[in-house]
Amino acid sequence: MINYGRHEVTQADIDAVAKVLRSDFLTQGPTVPAFESAVASRVRATYGVAVNSATSAMHLACIALGLTRGDRLWTVPNTFVASANCGLYCGAEVDFVDIDPLTWNMSSSRLRDKLMSTKKEGKLPKVVVPVHFAGQATDQEAIWELAQEFGFRVLEDASHGIGATRNKEPVGSCRWSDITVFSFHPVKIVTTGEGGMALTNDAALAERMRLLRSHGITRDPSRFQMRNTHDADASQPPWYYEQQALGFNFRMSDIQAALGLSQMDRLSTYLSRRNALARRYDAALQGLPLQLPTVKLENSSAFHLYVVRLSAGLAPSRRKIVERLKEDGIGVNVHYIPVHLQPYYRERGFAEGQFPEAETHGRDAMSLPLFPALTLEEQDHVIAAVSRAM
Ligand SMILES: *Cc1c(COP(=O)(O)O)cnc(C)c1O
């Protein structure tokens, strides 16, 4: 079966992981900080905070940004549920902004319209979560300008976006946001098995997220709140630690970080391979009744996914097309069923018709196989099968 995505693990990855397995630290050792530095420097951010998933990173980011009961978080419906759930974890209300029909990313003009109308009602969001869908950056400058004008914080969900750039600025540099999150789930561009990272240039936000990922506990004497009243010099003994907030165990292990660090060596190769395969799909699928991905001139996509949309008339037969592809050994997927149409969100008042562009996308989209190890022969097989199935 040729699936829509697949991880790649090399001998170098296995050797790197084995080295950690034979070392003194399986977790809380030197490899997690090394991985954090490697990712942060690659995307030109000051701080990287590694955790056990992108979902955990988004959760910590929302807490660090001060999101709480009575606040609002906005994201797009065309995403994985985690981009919205992080708001609910904090007791905030979640709402959505519809997508742009060409890039399938958050529409900055719709965001502006919604900000204008909610301002009158005094219901502005505290955090906005743009999602770099399929690996293409959102219009971050425009969103950042709106953030200054309307006073919200920006959390980029770049689960698909490591290695992408916009106007030569790497996604993750946080030039136009407060925090950016990457996912290292095996289906994403670079993997740690399970894992995620929050990037930021704000020392206080990084410190807060570091504290919260490990129970809210610090062992750093310069941050202790309590003085030792038993000893003359008032310093705390070596076994001392303090819980200063209600945190979690969201830590990444050194085993995972070793895999991620080794995979980062191949990020550039992965990006060029993914882009080359995407260009090949573009050329081969041109004549079919499909809307192909549009990458804006100022963007370089990481091409986490190769998503096509069936032309309006074909949408009702998507299921049949997907089944025909399956018979040919090809596993396509849909990114995404709009989040607001999930039963959990419907129960919270959302309904069909509220975000028409995302709903159309959810009806028409199909993700074709795209991963670095996909061979040209396999891709040709996919192309032939797609042409036959239409
Ligand atoms: C994969 C994904 C997540 C969640 O990542 P995990 O590391 O699995 O928690 C969040 N948002 C988007 C857009 C994703 O694709």
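Structural data are supplied above this passage.
Residues numbered from 1 in each chain as written. Predicted model: local features only at pLDDT ≥ 70, side-chain atom pairs only at ≥ 80, totals over all residues. Heavy atoms only, no water.

A. Spotlight on the packing of helix H2 (residues 31-42) against helix H8 (residues 254-264). Remark: H2 packs on H8, axes separated minimally by 8 Å, with the N-to-C direction vectors making an angle of 35°. You can see that H2 and H8 cross each other, and the crossing is left-handed. Residues Thr31, Val32, Ala34, Phe35, Ala38, Val39 and Arg42 of H2 form the contact with H8, whose own contacting residues are Asp254, Ala257, Ala258, Gly260, Leu261 and Met264. Partitioning the contact of H2 with H8 into residue classes produces 9 nonpolar, 2 polar and 2 charged. (Axes fitted to C-alpha atoms, helices over the stretch in contact; angles between N-to-C directions. Helix = DSSP H or I, 4+ residues; strand = E, 2+ residues; numbered from the N terminus. Left-handed = near helix turned anticlockwise from the far one by under 90°. Contact = heavy atoms within 4.5 Å. Nonpolar A, V, L, I, M, F, W, Y, C, P; charged D, E, K, R; others polar.)

B. Summary view of the pairing of strand S6 (residues 153-157). For S6, a buried count of 4 out of 5 residues is recorded, marking the element as mostly surrounded by other parts of the structure. Here 2 bridges tie strand S5 (residues 127-129) to S6, and the two strands are oriented parallel to one another. Residue pairing across strands places Val128 opposite Val154, the latter belonging to S6. (Buried < 20%, exposed > 50% of the residue type's maximum accessible area, 1.4 Å probe, protein only. Pairing = 2+ DSSP bridges.)

C. Structural view of the packing of helix H9 (residues 267-285) against helix H13 (residues 376-389). Following both chains from N to C, one finds H9 and H13 inclined at 30°, their axes separated by 11 Å at the closest point. As for the relative orientation of H9 and H13, their crossing is right-handed in sense. Where H9 approaches H13, its residues Arg273, Leu277, Arg280, Tyr281, Ala284 and Leu285 are matched on the opposing element by Leu376, Gln379, Asp380, Val382, Ile383 and Val386. When grouped by side-chain class, the residues that make up the contact of H9 with H13 number 8 nonpolar, 1 polar and 3 charged.

D. Examining the pattern of salt bridges more closely. Enumeration according to the criterion identifies 21 salt bridges in this entry. For Arg266, the salt bridge identified is with Asp13, shortest N-O distance 2.8 Å. Pair noted here: Arg266 is in the loop between H8 and H9 and Asp13 is in helix H1 (residues 11-21), with a separation of 253 residues, a long-range link. By the burial criterion, Arg266 is buried, and Asp13 matches it. Here the salt bridges share partners, and the residues they tie into one network are Asp139, Glu141, Arg166, Lys296 and Glu298. (Salt bridge = Lys/Arg side-chain N within 4 Å of Asp/Glu carboxyl O.)

E. Up close: unusual backbone geometry. With an omega of 5°, the peptide bond between His335 and Tyr336 qualifies as cis. By the secondary structure assignment, Tyr336 is in the loop between strand S16 (330-331) and helix H11 (343-346). Here the phi dihedral of Asn167 falls at roughly 50°; this positive angle occurs in a residue that is not glycine. Along the chain, Asn167 turns up in the loop between strand S7 (165-166) and strand S8 (169-170). For Asn167, a relative accessible area of 40% translates into the label partly exposed.

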